[in-house]
Amino acid sequence: MHDEVAAPRPVSLALLAVQTLNGLQLGILLFLIAAGLTLTFGVMNFVNLAHGVQYMVGAYLAAMFASLTGGFWSALALTLPTALAFGLALEFLVFRWLYDRDHLSQILATFGVILFMNQGVKTIWGAAPLSVPMPDALSGSVALMPGLLFPVYRLALIAVGLATGLALYLVINHTRVGMLIRAGATNAAMVSALGVDIRRLFMLVFGFGAMLAGFAGAMVAPILSVEPGMGDNLLILAFVVIVIGGIGSIRGAFLAALMVGLIDTLGRAFGAQMLRVALAPAAANQTGRALAPMLIYILMAAVLFHRPSGLFPVTR
Amino acid sequence: MTMRSQTPAILLFAGLALFPFVARFGAQAYLLTLGARTLILALAALSLDFLVGQGALISFGHAAYLGIGAYAVVLASMAGINDLLAQALIAVAAAALFAALTGYVSLRATGVYYIMSTLAFGQMLYFLFVSLSALGGDDGYTLSSRSRLFGEPRLTSDFAFYYLCLAALALAYVMLTRICGSRFGRVLNAIRQNPLRARALGFRPFPSRLAACLIAGAIAAVAGALLANQSEFVAPAFMSWQRSGELLVMTILGGVGSLWGAVLGAIIYLALEEALSLLTDQTHVLIGPLLIVVAIFGRRGLAGALAPKASGSAA
Amino acid sequence: MSPPLLHIEGLAKSFGALAVTDDVSFSVGEGRLVALIGPNGAGKTTLIDQLSGAVQSDAGRIRFAGLDISGLDMSARARLGLVRSFQIAAVLPEYSALENVALAVQARSGSSFRFFGSAAREEELNAPARAALKRVGLLARADDPAGELSHGEKRSLEIAIALALRPRLMLFDEPFAGLGSEETRAGVELIRALKSEFTMLLVEHDMDAVFALADEIGVLVNGRLIAWGAPEAIRANERVRSAYLGEETLA
């Protein structure tokens, strides 16, 4: 892509709407991944670098089951329990030995998991990206506005994500389990002292977070390429989300995920054009291209500067 | 520090000094190249160990300094400055600036928030260099030759370059060990052991931590300058978060706090990776579980296992 | 009459809806030893936290040596000479007893931004450190890691650290908690010997120790100061007795 000194394209409302929806979709995806991560962090004080692997595994499982059964829905139905099982296996083999340890050991171990899994999927399925068929019912585009066509599948993703968010909110705030989780996030020792089996709670939180991430991976598989390492960059984004939102807070993760999704998408789409207000077109393009991927990190730094514990910190 | 507790370090450096002669019996050029690269990454890991082990500052963006040092060489050579020492000075200055600016934000946060903050800044720098097409962007920049040393192209010899890297590593090790034992080192260490106590004594954590970031960043930038010379090629991938993660892994593997442990950790990690790659292209399938096992069972890393008395934090 | 070293006005702190300290005002004259007593949960530790800067007050002012220090953080107050010791001894576990005290000496003498000289070899630091350890009877343990000291020894180390800091005002947070009677007796003697060196504010439960040491006593109940005066006056004070003894009628 070379620098173009062209007349600025008018930003149509339709284009803005499409990119906003794309941003929302990215945000929802990030939320599904970040939700499990923020709970793991918040309740178990566990640095889980391997969370992106859960997402990747979900996508690969969906691809595998789809090729076996031939359909998306059956693949999804099979993926969820398998992803959960995988997450629990990981918890049993690796994580539960590290709950009491310092962050450094956890970083070391989960980094090892990333290395192993990224290589593992490459060995089993090869390095080339896999594809997952889009379900017929959700394929195609719908006209939301005159001139605004948006893929049905992405709309479905947004809807599912919002529904999941709502369900999570209800569970966390209106059920007994949710109360235990919230209590665990503020004071795990106290919860344990009250007679709750903290190990079981950890396992529950962890397994559920893993399943959510796997679910996200499966849902996204038809529209993204399923390849080794696909979870790595999303993991970083998920960390950015939970840090902005406040570790341990689902509400924070939700808001932060939407913010990050929107800012990243809109910044990449319109950043250069917005800068043309102040800079010459060539400079605006160059700066826009440089700044766009940095925007969310600038956001995170700004949030940390004013709120060193995120927007909705769970006070311990 | 007593001589006894320095024995492992002395043995390690002696071994490293003898390595080129041993390498003669094998594929010398390949081994010297590998050796130099290992020394350079060991230097970066050493600086990270200082940050983590003395300052309790877990940086997930330390590779940014490798990138700063490497690109300093690129920019300097584009401006006609080819002497390595001059380039290293520029690298150190740039690193200090970056450390100061980012430290001002990052050090407001604690715990995981700090870790993520360092990651964010590392990523920012990474994306910045990816977007700089004048420097090759994502594809990187190829240097026309290695830097000159005192006016002459002395670094073209792999032999000479290896010993330069070793000298840098040894110098950094001695320097950091002395800093650990100094007044400054005591305060930094005290802040790590018990921040409340340190404040109750009248020490403000921020200046000491910032100084530690500056020192560690400067050393890693020197490593970056050497890295640029070693590969005669510089790319933004030098400062990816994966590279930062690897540096942390080397440091943790070696045992945080002993300084020489980080060197050992780097050597073991890279040697293992290289050795395994000769047997199979599935190296990570083996290294991954190894890291997991070390994390679970090796509480004090390699240094702690091999020489427990010499691996405590240098007081 | 010289102005008091420490002057507190209307100090208050609430955690949520609970007012832990409420409109506390008093003065501590230079060279005096003041003790703060009160039932559990009266807010004594919170008050120490507010005075030392560990906790930000919601209201009130603190004047120390003529300066308004209400806005200063803990390290700034420590540098001015307002030092606290901790109820749960906060020593540096990996450092030896000597190194712990030497660091305190370092805090008061010269720059800590020296990067290359060996601090372990500085007699300027070690000599006063040894002297302080000797005074508290810990010289024999000088080279042992502070984390390995017994509870009583850690307490003594805290006092050695305090000595090395040469504070103007020392805040003691329950210095005798968890000590046996022999150790308490030794601790009381030590603190009594220190009375001539710096001003002290003591929070304590051990009544014998308090009455043996204090020049003045303040009584804190439910976050409010209900009485202040010389030990004998406090001992006889009706409100104090009922606060401690509940609704028992005084025979």
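Cut-offs used in this document
- Residues numbered from 1 in each chain as written.
- Chains lettered and ligands numbered in written order.
- Predicted model: local features only at pLDDT ≥ 70, side-chain atom pairs only at ≥ 80, totals over all residues.
- Heavy atoms only, no water.
- Helix = DSSP H or I, 4+ residues; strand = E, 2+ residues; numbered from the N terminus.
- Rg over C-alpha atoms; globule rule 2.2 N^0.38 Å.
- Buried < 20%, exposed > 50% of the residue type's maximum accessible area, 1.4 Å probe, protein only.
- Contact = heavy atoms within 4.5 Å.
- Areas by Shrake-Rupley, 256 points an atom, 1.4 Å probe, with all protein chains shown as cover.
- Lys, Arg positive; Asp, Glu negative; His and termini not counted.
- Charge placed at Lys NZ, Arg CZ, Asp CG, Glu CD.
- Buried area = accessible area lost by both parts, 1.4 Å probe.
- Salt bridge = Lys/Arg side-chain N within 4 Å of Asp/Glu carboxyl O.
- Polar contact = N/O pair within 3.5 Å; in protein donor to acceptor, adjacent residues only side chain to side chain.
- Nonpolar A, V, L, I, M, F, W, Y, C, P; charged D, E, K, R; others polar.
- Core = buried A, V, L, I, M, F, W, Y, C linked by side-chain atoms within 4.5 Å.
- Expected span 1.5 Å × (residues − 1).
- Patch = residues over 30% accessible without salt bridge, like charges linked within 9 Å, V, L, I, M, F, W, Y side chains within 5 Å.
- Pairing = 2+ DSSP bridges.
- Axes fitted to C-alpha atoms, helices over the stretch in contact; angles between N-to-C directions.
- Phe/Tyr/Trp six-rings, centres within 6.5 Å; stacked < 30°, edge-to-face > 60°.
- 1 Å grid on protein atoms, 1.4 Å probe; cavity = no way out; pocket = protein on both sides within 12 Å on 5 of 7 lines; lining within 4 Å.
- Points joined across faces, edges and corners; volume = space filled by probe spheres on them.
- Parallel < 35°, antiparallel > 145°, perpendicular 65-115°, else oblique.
- Left-handed = near helix turned anticlockwise from the far one by under 90°.
- pLDDT = per-residue confidence, 0-100.

S.K.: Is there a simple way to think about the overall build of chain C in this case?
M.R.: Scanning chain C from N- to C-terminus turns up 9 helices and 10 strands. Rg of the C-alpha trace for chain C: 19 Å, near the compact-globule value of 18 Å for 251 residues, within the 12% margin. If one aligns the C-alpha atoms of chain C with their principal axes, the spans along those axes are about 65 × 40 × 40 Å. Expressed as a percentage of the 251 residues in chain C, the buried residues total 51%. Contacts in chain C between residues at least 24 apart in sequence constitute 65% of all its contacts with a sequence separation of at least 6. For chain C, the exposed surface amounts to about 11200 Å²; the carbon and sulfur share of it is 51%. Positive and negative side-chain charges in chain C, numbering 26 and 33 respectively, have mean positions lying 4 Å apart.

S.K.: Please explain the interface of chain B and chain A as it appears in this structure.
M.R.: As a measure of interface size, the accessible area lost when the parts come together is often cited. Tallying the contact residues gives 45 residues for chain B and 44 residues for chain A. In this assembly, chain B packs against chain A so that about 4000 Å² is buried in total across both faces, 78% of it on carbon and sulfur atoms. Applying the counting rule to chain B against chain A returns 0 salt bridges. In this assembly, chain B and chain A are joined by 10 residue pairs in polar contact (both at pLDDT 80 or more). Of all the secondary structure elements, the ones that give two or more residues to the side of chain B that touches chain A are α4 (84-106), α5 (111-131), α10 (241-254) and α12 (283-297) of chain B. Partitioned by chemical class, the residues of the side of chain B that touches chain A number 30 nonpolar, 11 polar and 4 charged.

S.K.: How should the nonpolar core be read in this particular structure?
M.R.: Nonpolar side chains tend toward joint burial in soluble globular proteins. With 208 residues, the main nonpolar core has Leu16, Phe50 and Tyr269 of chain B as its most contacted residues. Excluding anything up to four places from it in sequence, Leu16 of chain B contacts Leu39, Tyr162, Leu166, Leu169, Val263 and Ile267 of chain B. Membership of the second largest hydrophobic core comes to 60 residues, among which are Val83, Leu92, Leu190 and Leu202 of chain C.

S.K.: Is there a simple way to explain helix α9 (residues 205-231) of chain B in this structure?
M.R.: Note: α-helices contain 3.6 residues per turn, so residues at a spacing of three or four share the same orientation. Compared with the 39 Å implied by 1.5 Å per residue over 27 residues, the 39 Å span of α9 of chain B between its first and last C-alpha is a close match. With 22 of its 27 residues buried, α9 of chain B lies for the most part within the structure.

S.K.: Whenever I open this one, the interface of chain C and chain B confuses me. Can you help?
M.R.: Each side of the interface is counted separately: chain C has 37 residues, and chain B has 29 residues. With both sides pooled, the region where chain C packs onto chain B buries about 3000 Å², and carbon together with sulfur makes up 59% of that total. Its largest share of buried area at the contact with chain B, chain C owes to Tyr95, Phe115 and Phe116 of chain C, together 21% of the area lost on that side. Linking chain C with chain B are 5 salt bridges, by the criterion used here. A salt bridge links Arg192 of chain B to Glu94 of chain C; the shortest N-O distance between them is 2.8 Å. There are 14 residue pairs in polar contact (both at pLDDT 80 or more) connecting chain C and chain B. Elements that contribute at least two residues to the side of chain C that touches chain B include exactly α2 (74-80), α3 (97-108), α4 (123-135) and α5 (151-165) of chain C. For the side of chain C that touches chain B, the element with the highest residue contribution is α3 of chain C, accounting for 6 residues.

S.K.: Is there a simple way to explain a nonpolar patch on the surface in this structure?
M.R.: Residues and elements named next belong to chain A. A cluster of nonpolar residues, Leu13, Leu16, Val142, Leu144 and Met145, forms a patch on the protein surface that exposes about 400 Å² of accessible area. Listed by contribution, the elements that provide at least two residues to the nonpolar patch are α1 (13-44) and β1 (141-145). At 3 residues, the largest contribution of residues to the nonpolar patch is made by β1. Note on Met145: relative accessible area 31%, which makes it partly exposed.

S.K.: What exactly am I supposed to notice about the sheet that holds strand β6 (residues 82-84) of chain C here?
M.R.: Backbone-to-backbone hydrogen bonds join strands into a sheet, with any given pair of strands oriented parallel or antiparallel. Residues and elements named next belong to chain C. The strand order across the open sheet formed by 6 strands is β6-β7-β8-β3-β9-β10, and the pairing between neighbours is mixed. At either margin of the open sheet sits one strand with a lone partner, and together these are β6 and β10 (224-229). Strand-to-strand, the axes of this sheet are offset by a mean angle of 20°, without reference to chain direction. Taken strand by strand, helix α1 (residues 44-52) contacts β3 (33-37), β6, β7 (169-173), β8 (199-203) and β9 (216-221), and its axis lies near 150° from that of β7.

S.K.: Quick question: what am I supposed to make of the packing of aromatic side chains here?
M.R.: Any aromatic ring pair is given by two values, namely how distant the centres are and how the planes are angled relative to each other. Residue and element names in this part refer to chain B. Counted according to the given criterion, the structure contains 25 aromatic pairs over all chains. With a centroid separation of 5.5 Å and 85° between ring planes, the pair formed by Tyr162 and Tyr163 is classed as edge-to-face. According to the relative accessible area criterion, Tyr163 is partly exposed, its value standing at 25%.

S.K.: Would you take a moment to explain the environment of Ser105 of chain A for this structure?
M.R.: For Ser105 of chain A, the position within the fold is in helix α4 (residues 103-125). In this structure Ser105 of chain A touches Leu98 of chain A together with Ala295 of chain B, once residues within four positions along its chain are discounted. Of the polar contacts made by the side chain of Ser105 of chain A, one reaches the side chain of Arg101 of chain A; its length is 3.5 Å.

S.K.: In this structure, what is going on with the pattern of salt bridges? I would like to understand it.
M.R.: Pairing is possible between side chains of opposite charge, provided their charged atoms come close. The final tally for this structure, using the stated rule, is 25 salt bridges over all chains. Measuring nitrogen to oxygen at the nearest pair gives 3.0 Å for the salt bridge that ties Arg183 of chain B to Glu122 of chain C. With one member in each of two chains, Arg183 of chain B in helix α7 (residues 183-193) and Glu122 of chain C in the loop between α3 and α4 form a pair that bridges those chains. The burial state of Arg183 of chain B is the same as that of Glu122 of chain C; both residues are buried. Linked by salt bridges that have partners in common, Arg183 of chain B together with Arg114, Glu122 and Glu124 of chain C make up one network.

S.K.: Looking at this structure, I do not really get empty space enclosed by the protein. What am I missing?
M.R.: Take a probe with the size of a water molecule and roll it over the atoms, and the empty space left behind shows itself. Residues and elements named next belong to chain B. Going through the model one piece at a time under the given rule, you end up with 2 cavities of 30 Å³ or more. Considered as a void within the structure, the largest cavity measures approximately 160 Å³ in volume. What lines the largest cavity is a set of 18 residues, among which Ser59, Tyr65, Thr102, Tyr114 and Thr118 lie closest to the centre. Going through the elements one at a time, α3 (63-78), α4, α5 and α9 are the ones with two or more residues in the lining of the largest cavity. Here the lining of the largest cavity gets 5 residues from one element, more than from any other, and that element is α4. A breakdown of the residues in the lining of the largest cavity according to their chemical character gives 9 nonpolar, 9 polar and no charged.

S.K.: What am I meant to see in the packing of helix α2 (residues 28-55) of chain B against helix α6 (residues 158-181) of chain B here?
M.R.: Any two packed helices are characterised by how steeply their axes cross, that is the angle between the axes, and by the distance between the axes. All names here are of chain B. Put simply, α2 and α6 touch, their axes get as near as 9 Å, and they point 15° apart. If you check the angle between α2 and α6, you find them roughly parallel. The hand of the α2/α6 crossing is left-handed. By residue class, the composition of the contact of α2 with α6 is 21 nonpolar, 5 polar and 1 charged.

S.K.: What should I look at first to understand the environment of Ile114 of chain A in this one?
M.R.: Residues and elements named next belong to chain A. Structurally, Ile114 can be placed in helix α4. Residue class for Ile114 comes out buried when judged on its relative accessible area of 6%. Linking Ile114 and Phe270, residues 156 residues apart in sequence, is a C-alpha distance of 34 Å. Filtering out sequence-adjacent residues up to four positions away, Ile114 remains in contact with Leu49, Ala50, Val53, Asp232 and Leu235.

S.K.: I tried to follow the confidence of the model for chain C on my own but got confused; where do I start?
M.R.: The predicted coordinates of low-pLDDT regions are not to be read in fine detail. Residue and element names in this part refer to chain C. Counting all residues, the mean pLDDT for chain C is 86, and 96% of those residues have values of 70 or more. Confidence scores differ between elements of chain C, with helix α9 (residues 238-245) showing the lowest mean pLDDT of 74 and α3 the highest of 93. Counting interchain partners and residues more than four positions distant, the pLDDT-below-50 stretch residues 247-251 has 2 contacts.

S.K.: For this particular structure, what's the right way to read the sheet that holds strand β4 (residues 59-64) of chain C?
M.R.: Residues and elements named next belong to chain C. Read from one edge to the other, the open sheet built from 4 strands follows the order β2-β1-β4-β5, with strand pairing classed as antiparallel. Looking at strand neighbours, the two that pair on one side only are β2 (18-28) and β5 (67-68), the edges of this open sheet. Note: strand β1 (residues 6-15) against β2, 7 bridges, orientation antiparallel. Note on β2: the bridge partner recorded for Ile8 is Phe26. Here α1 sits on the sheet and contacts β1, β2 and β4; the angle it forms with β1, its principal contact strand, is near 120°.

S.K.: Please explain the pairing of β9 of chain C as it appears in this structure.
M.R.: In the case of a regular strand, side chains alternate between the two sheet surfaces. Residues and elements named next belong to chain C. For β9, the buried fraction is high: 6 of the 6 residues fall into the buried class. Of the two faces of β9, the one holding Glu216, Gly218 and Leu220 and the one holding Ile217, Val219 and Val221 are both buried throughout. The pairing of β3 with β9 spans 4 bridges and is parallel. Each residue of the ladder has a partner; that of Val34, found in β9, is Glu216. By the bridge criterion, 5 bridges tie β9 to β10 in an arrangement that is antiparallel. When the sheet's bridge partners are listed, Gly218 is paired in β10 with Trp228. Between β9 and the antiparallel strand that follows it, β10, lie 2 residues; Asn222 among them carries a positive phi value of about 50°.

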